[in-house]
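# Structural overview
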Amino acid sequence: MSTHQDFLLSVEALSVSFDGFKAVDDVSLYVEPNEIRVIIGPNGAGKTTVLDLICGKTRATSGSIRFRDKELTRMSENGIVEAGVGRKFQNPSIYDDLTVFENLEISYPRGRSVLGALLFRRDRAVRERIEEIAETIYLADQLAERAEYLSHGQKQWLEIGMLLIQDPELLMLDEPVAGMSVSERRNTAELLNKIIVGRSVLVIEHDMKFVEDIAHRVTVLHQGKVLSEGSMEHVKTDPKVVEVYLGH
Amino acid sequence: MKLRGDNALFRRSELLGLLAFATLILVMLPAALDIFRLNLVGKYLTYAFVTIGLVVCWGYAGILSLGQGIFFGLGGYCMAMFLKLEASSVENTKIQSTPGIPDFMDWNQLTALPWFWKPFENLGVTLAAVVLVPTLFAFIIGAAMFKRRVGGVYFAIITQAVALILTILIVGQQGYTGGINGITDLRTLKGWDIRSDGAKLTLYYIECGLLLAAIVATQLVTRSKLGRILVAMRDKEDRVRFSGYSVSSFKIFAFCFAAALAALGGAMFTLQVGFMSPSFVGIVPSIEMVIYTAVGGRSSILGSVCGALLVNFAKTRLSESFPELWLFGLGALFVVVVLSFPEGLAGVYRSSAPRLARSFVAKLRALWRTPMTRSLDHELAE
Ligand SMILES: Nc1ncnc2c1ncn2[C@@H]1O[C@H](COP(=O)(O)OP(=O)(O)O)[C@@H](O)[C@H]1O
Ligand SMILES: [Mg+2]
C-alpha cells in the first residue's frame, strides 16, 4: 500500500495457526481514522482471534499490524493499550468484587505503574470524569454498587465505559449487544453512536439490523480469510457472501 | 492523614480494631504476663509479619505462596549471622583450631571466614541485608515466574520446591550454615546481652512498634489504587492487562512486599528466640504460615494477626500434650476453615460484629445519658 499513512490501522498478511490449524489466514485490513468497521462472519470464522492479535493477547505467526507508526506485533499488551488501542471482550469482563466507581477508576489512564498506582489520588478531575462516564453509560445511580449485582446489559455498558475512560483512538468491541434485551440493544446503539465520535471503531457483531445502523464499511470473514469487504449494500449482494453466510 | 471519606486510610471500625490491638500488645499483655510468656507472645508475633504479607500477596492478589518460610528464614539467617560473628570473637573462641570464626565452621575444618559472611560483621549492612536479600530473592523468583505467566497451583508448587531446596542446601552445607542445628548460641548485639530479661522486654516493644508500622504500611498499600488493582487482577487478569497495566509487575510487587515483611519477622524471631535453624524455612512451616492467615482471614490485616497468635497459642498448648496429633489437628483446622469460613475469623467477626457493636453502644449511651439528663432536668427546673 502506498498510502500507508492515511490509515490508523493497517493489518497486512496476518496469519496465526494453532497446532497447524489456521484460525486467521493471510488477512489484510485497513481502518481509517474515524471509521466504524464491522466484522461479520459465521461462528469460528476467526473474528475474535483477529482482535486478540491486534491487542496482543495472541501472537501472530506471520504478518504485520501497524497502528499509526507502531508495529503492534512486537509490543507488550500494556504498551499496545498505551499506544491507544482499547478492547472489549466478548463476555462482559468487569471486576465483580469492586464497585462501579472503582471499576471505572482502574481504567482511568493515570498511575499505571506500580509506584503510580500506590501514589494515585482520587482527585476532583478523576471523580468528575468518572461521573461523566457513568452518566453516558446509564450507570450514574449505580456508582457505589458492587459490579457483581449489575444486570448483564449493565455489565456490558460498564465495560464499554471502562474503555471510554481510557479514551483510545481505536476501540475494539466484541459482540457488544449479544445477549441483550431489545431496549438494551437500542440504548447500546445510541451509546455507541455517542462514543464513536473522534475515534475509529472495530466491532464484531451478528445483529444485522445493528450492523446496518452503525457500519461505515463491513468486512466478512470466513474460515480465517477475508471473503468480502465494502459497504453493507455491497457485501449483502456479494454472491460469495450470500452463499456461505447470509444465504441459509 | 484524613480519617474520613473515600480517601481515608482507616475506616472507623478498622481504626478501633487497631487501637484495641495496640492496647492489647503494648499495655495489657506486658502487664499480665511474666517475661517468659511475653517472650513467647513475641515469638508468635513474628509470624504476624508473615501473615500480613500473605494478606497482600494471597488475600488481595490471589497469589498463593507456600514458601514464605524461605523469606522468614533468610531474614532470620541474616540477623543470626551478625549475632554469631559477634559471639565468635577471638576471645570467645580461643580454644578452636581457628579462633575468631563461628564454632560450626571450625568443627567442619574451615580455616577462614567465607566471603559471604564478611558483610555481616557490620550491623548497618546486616540490617539492610535482612530486608534486601529476601526481597531480592523474591524478585528473582517472581520475575522468572510471573513474566512467564506461571500462576496458581504451579506457582504454589514452585515456591514449595524452592523452600525444600533451600532447606536441603542449608542442611547440606554445614560448614557454611551451621547445618541442621542452625545458627545457635547467639549472645549479644553490639555488646548488649539479648538473653537478659530487660533485653527481651525491649525487643518485645521494638517488635510491637515494627508490627504496628507494618500494619499501617500494609493498610496504605491495600487502600491505595494498587490494592484495588490487585483485587481486580485476582478476578480478571486479562481485563487489567488490557486496561494498560503490566500484570507481572504488580504480582512481583505483591510477592516482594510479602517477602520483605516475612523477612522482618524472621529477624525478630532470631533476636527474641536466640537462634535460627532450617526448621523454620522448609515446607511445613511455610504451610503453617498460610494456615495462620486462612484461620485469621486472608483479606483482613488484623484478622490474620489474630490467626497467627491464636493458632500458635493452640500449638504451644496442644503440641506439648499431644505432639503427634498437632499436625493432624492443624490440617483439619485448615480444611474446615477453607470450606466453611473462607474469610476466616475476620469474616465471622464482620458478619456478627455490627449487631453486637450496636447493642453495646446503645447500652453505653443509655448508661451515660440517664444521670446526665436527669441532672440537666434538675438544673432546668430550678
Ligand atoms: N487459543 C486458541 N487455541 C486454539 N484454537 C483457537 C484459539 N483461539 C481460537 N481458536 C480457534 O480458532 C477459530 C476461530 O475462533 P474465533 O476467533 O473465536 O471465532 P469467532 O470469534 O469468529 O467466532 C475457532 O475454531 C477456535 O476454536
Ligand atoms: Mg467470537
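Numbers given to residues run from 1 along each chain, matching the order in which its sequence is written. Whichever chain is written first is A, and whichever ligand is written first is 1; the rest continue in order. Residue-level local features of this predicted model are given only where pLDDT is at least 70; pairs of side-chain atoms are given and counted only at 80 or more, and the full residue set underlies all totals for whole chains, interfaces and linings. Side-chain figures throughout are based on the complete set of non-hydrogen atoms in the structure, without hydrogens or water.

## Comments concerning the packing of aromatic side chains
Only Phe, Tyr and Trp rings are paired, with Trp represented by its six-membered ring, and only when their centres lie within 6.5 Å; those with planes under 30 degrees apart are stacked, over 60 edge-to-face, the remainder tilted. If you walk through the whole model with that rule in mind, you get 20 aromatic pairs over all chains. Aromatic ring contacts, followed pair by pair, group Tyr47, Phe72, Phe269, Phe275, Phe280 and Tyr292 of chain B into a single cluster. The criterion is that NZ of a Lys, or CZ of an Arg, lies within 6 Å of the ring centre and within 35 degrees of the ring normal, and then a charge sits over that ring. The lysine or arginine in question, Lys225 of chain B, covers the ring of Phe120 of chain A, its NZ or CZ lying 4.3 Å from the ring centre. For Arg298 of chain B, the ring lying beneath its charged end belongs to Trp58 of chain B, and the centroid distance is 4.7 Å.

## Observations concerning the interface of chain A and chain B
Should any heavy atoms of two residues lie within 4.5 Å, those residues are considered in contact. Facing the 36 residues of chain A at the interface are 26 residues of chain B. Summed over both partners, the accessible surface that disappears when two parts come together, traced with a 1.4 Å probe, is what is meant by buried area. Between chain A and chain B, roughly 2700 Å² of surface is buried when both sides are summed, and carbon and sulfur atoms account for 56% of that area. Salt bridge, as used here: a side-chain nitrogen of Lys or Arg that lies within 4 Å of a carboxyl oxygen of Asp or Glu. Taken together, the connections running from chain A to chain B amount to five salt bridges. Where Arg239 of chain B meets Glu159 of chain A, a salt bridge forms, and the shortest distance between an N and an O atom there is 2.5 Å. Side-chain atoms alone can form a polar contact between residues adjacent in sequence; in general such a contact is a pair of N or O atoms within 3.5 Å, and within protein one must be able to donate a hydrogen while the other accepts it. Put simply, chain A and chain B have 13 residue pairs in polar contact (both at pLDDT 80 or more) between them. What counts as a helix is a DSSP run of H or I of at least four residues, what counts as a strand is a run of E of at least two, and both are numbered from the N terminus. Mapped onto the side of chain A that touches chain B, the elements with two or more residues apiece are helix 2 (77-83), strand 6 (85-88), helix 3 (100-107), helix 4 (114-119) and helix 6 (152-166) of chain A.

## Observations regarding the nonpolar core
Membership of the largest hydrophobic core comes to 161 residues, with the highest contact counts inside it found for Leu104 and Leu158 of chain A together with Phe21, Leu45, Ile215, Leu230 and Phe250 of chain B. Each residue touching Phe250 of chain B, except ones within four places of it in the same chain, is listed here: Arg112, Ser113, Val114 and Ala117 of chain A together with Leu226, Ile229, Leu230, Met233 and Tyr245 of chain B. Here the nonpolar core consists of buried residues drawn from Ala, Val, Leu, Ile, Met, Phe, Trp, Tyr and Cys, with membership extended through side-chain atoms lying within 4.5 Å. Only protein chains enter the calculation, and the probe is 1.4 Å; a residue is then buried if its accessible area is under 20% of its type maximum, exposed if over 50%, and partly exposed in between.

## Details of the site of ligand 1
All names here are of chain A. The near set for a molecule or strand comprises every residue that places at least one heavy atom within 4 Å of it. Close contacts around ligand 1 come from Phe18, Phe21, Ala23, Pro42, Asn43, Gly44, Ala45, Gly46, Lys47, Thr48 and Thr49, and that covers them all. Within the backbone of Ala45, an N or O atom sits 3.2 Å from an oxygen atom of ligand 1. Between an oxygen atom of ligand 1 and a main-chain N or O atom of Lys47, the distance comes to 2.8 Å. Within the complex, 59% of the 560 Å² of free accessible area of ligand 1 lies under protein. Elements supplying a minimum of two residues to the shell around ligand 1: strand 2 (21-31) and helix 1 (47-55). The element that contributes the greatest number of residues to the shell around ligand 1 is helix 1, accounting for three residues. In this classification, the charged set is Asp, Glu, Lys and Arg, the nonpolar set is Ala, Val, Leu, Ile, Met, Phe, Trp, Tyr, Cys and Pro, and all remaining amino acids, among them Gly, are polar. Here the residues of the shell around ligand 1 sort into five nonpolar, five polar and one charged. Each accessible area is a Shrake-Rupley estimate made with a 1.4 Å probe; only the visible protein chains count as cover when residues are assessed.

## Overview of the sheet that holds strand 3 (residues 36-40) of chain A
Residue and element names in this part refer to chain A. At least two DSSP bridges between two strands are required for those strands to pair. Read across the sheet, six strands follow the order 6-7-8-3-9-10 without closing on themselves; strand pairing throughout is mixed. For this open sheet the edge positions go to strand 6 and strand 10 (225-230), each flanked by a neighbour on one side alone. Mean inter-strand twist for the sheet, computed between neighbouring axes without regard to direction, equals 15°. Sheet analysis places strand 3 next to strand 8 (residues 200-204), joined by four bridges and oriented parallel. Its bridge partner being in strand 8, Ile39 is matched across the sheet by Ile204. Contacts from helix 1 reach strand 3, strand 6, strand 7 (170-174), strand 8 and strand 9 (217-222) within the one sheet, and its direction differs from that of strand 7 by about 145°. Every angle, taken between N-to-C directions, lies between 0 and 180 degrees, and every axis is a line fitted to C-alpha atoms, over only the stretch in contact when it is a helix.

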